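Summary of structural features
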Amino acid sequence: MKENRYSRQTLLPEIGPGGQKKLEKSRAVVIGCGALGTNALSFLVRAGVGQVLVADRDIVDLSNLQRQTLFSERDIGRPKAKVAQEILQEINSDVEVDGQVVDISHANVEKLVKGATVVLDATDNMDTRFLVNDACVKHAIPWVYAGAVGVTGMVMPVFPKGPCLRCVFPALPQPGQLPTCDTVGIVNTLPAAVASLEVTEAFKIMQGKEPMMGLMVLDIWLGEFQKINVKKNPACQTCAKRDFKYLEARERKFAASLCGRNAVQIVPARELRGGLSDLRKQLAKLGDAKVVDGVLRFKSKEADLTVFADGRTIIAGTTNIAKAKTVFSKYIGD
Ligand SMILES: [Zn+2]
């Protein structure tokens, strides 16, 4: 069965039977399970990469279905990482797929990337990319940066010895400085193209082959691809000075509106007092509350709440952070 399954890529001189064996012994970690993540995961799992971990904090929303290829209408409201794990396992039962429902932070990013042959960026924000860059440079893991907004995409393999992401972007952008799919939208063919480039680089890395050098920028609408040379910055804080300040940051963002979603995420400073089932009992008196897939879903008068085991909560139906905080205090606590 195995010979047939991968015969079209073992035929290729770029992969061959030797390359296939290396893919099967590799571990790929995908950070994010949105448009880039679902496309990348499908390629990795179909190609027979031995172990695939995907980490994502969000639940499936109707507006995701336009471009996030592993999800269907029946999945709305379920954690993306769990749905992806189920679908991917059906696609290829030879691959070990691990879907982790987590909010990536300085506290868990090193644990998530540890042991990876390659890490694939599929996040929607620079904060997480800077964390991934710090963690991968620190632990000498190659990773592939990828971004897709509007009609423009970028891909760059990052090497632990540099050039790294901070050689290109030395500091985090100010909030509102970069366009997001929230503010400008996205054409659904773009993430598939960016994920194709990204996973091809990951295949080379997993086979121990030389990836492309530099930053690829593409405009999918104009059909233009441009490769920009990237040099290591000898004064780079991350890959030259090994000062991993994003990993050491202790504070967490308390509230943020979620990209592409009419929703706000709240991360409480303390964990939930009881467990989710205690909270469900309390909330059941006030509205429809149920625990499914390890998350509590509660429909209140004001908004729909999704509460994760650590207390992190997504409040749907608003992008107003003040309003979301009020709803959070009312039902979950301060
Ligand atoms: Zn660097």
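Residues numbered from 1 in each chain as written. Predicted model: local features only at pLDDT ≥ 70, side-chain atom pairs only at ≥ 80, totals over all residues. Heavy atoms only, no water.

Some points on the pattern of salt bridges
- By the definition in use, this model includes 12 salt bridges.
- D75 is the partner of R74 in a salt bridge, and the nearest nitrogen-oxygen pair spans 3.7 Å.
- R74 sits in the exposed class, given a relative accessible area of 63%.
- Salt-bridge contacts for E302 lead to K330; the nearest nitrogen and oxygen are separated by 2.6 Å. Placement of E302 in the loop between β12 (295-299) and β13 (304-307) and of K330 in helix α13 (residues 321-331) is noted, with a sequence separation of 28 residues between them.
- On the basis of relative accessibility, which here comes to 48%, the residue K330 falls in the partly exposed class. (Salt bridge = Lys/Arg side-chain N within 4 Å of Asp/Glu carboxyl O. Buried < 20%, exposed > 50% of the residue type's maximum accessible area, 1.4 Å probe, protein only. Helix = DSSP H or I, 4+ residues; strand = E, 2+ residues; numbered from the N terminus.)

Details of the pairing of strand β1 (residues 27-31)
- The element β1 is extensively covered by neighbouring structure, given that 5 of its 5 residues are classed as buried.
- Alternating residues of β1 divide into R27, V29 and I31 and A28 and V30, and every residue in both groups is buried.
- Pairing geometry for β1 and strand β4 (residues 118-121), over 4 bridges, is parallel. Residue pairing for β4: I31 is matched across the bridge by D121. (Pairing = 2+ DSSP bridges.)

Some details on the pairing of strand β8 (residues 224-228)
- Summarising the sheet, strand β7 (residues 215-219) and β8 pair through 5 bridges and their orientation is antiparallel. Note on β8: the bridge partner recorded for V217 is Q226.
- Between the antiparallel neighbours β7 and β8 lie 4 residues, among them G223 with a positive phi of about 70°.

Remarks on the domain arrangement of the protein
- Annotation of the protein at the domain level lists domain 1 (2-248) and domain 2 (255-331).
- Taken over C-alpha atoms, the centre of domain 1 sits 28 Å from the centre of domain 2.
- With 17 residues of domain 1 at the interface, the matching set in domain 2 holds 13 residues.
- Both faces combined, the contact of domain 1 with domain 2 buries some 1300 Å², and carbon together with sulfur accounts for 49% of it.
- Residue R78 is joined to D293 by a salt bridge in which the shortest nitrogen-to-oxygen separation is 2.7 Å.
- Across the domain 1-domain 2 interface, the total number found is 4 residue pairs in polar contact (both at pLDDT 80 or more).
- Split by residue class, the side of domain 1 that touches domain 2 holds 6 nonpolar, 4 polar and 7 charged. (Domains from an automatic or database assignment. Contact = heavy atoms within 4.5 Å. Buried area = accessible area lost by both parts, 1.4 Å probe. Polar contact = N/O pair within 3.5 Å; in protein donor to acceptor, adjacent residues only side chain to side chain. Nonpolar A, V, L, I, M, F, W, Y, C, P; charged D, E, K, R; others polar.)

What to know about unusual backbone geometry
- With an omega dihedral of 0°, the bond running from G162 to P163 counts as a cis peptide bond.
- Tracing the chain through its elements places P163 in the loop between β6 (152-158) and α8 (165-168).
- Even without being glycine, A140 reaches a positive phi, approximately 55°.
- Residue classification places A140 among the exposed residues on the basis of a relative accessible area of 53%.
- Despite not being glycine, D293 has its phi angle at roughly 55°, a positive value.
- Within the secondary structure, D293 sits in the loop between β11 (288-292) and β12.
- The exposure class of D293 is partly exposed, given its relative accessible area of 32%.

Overview of the sheet that holds strand β9 (residues 255-257)
- With antiparallel pairing, 6 strands are arranged side by side in an open sheet as β9-β10-β14-β13-β12-β11. The outermost strands of the open sheet, each flanked by one partner alone, are β9 and β11. Adjacent strand axes in the sheet meet at a mean angle of 20° when their direction is disregarded.
- Its contacts with the sheet place α13 against β9, β10 (263-266), β12, β13 and β14 (313-316), and it is angled at close to 55° to β10. (Axes fitted to C-alpha atoms, helices over the stretch in contact; angles between N-to-C directions.)

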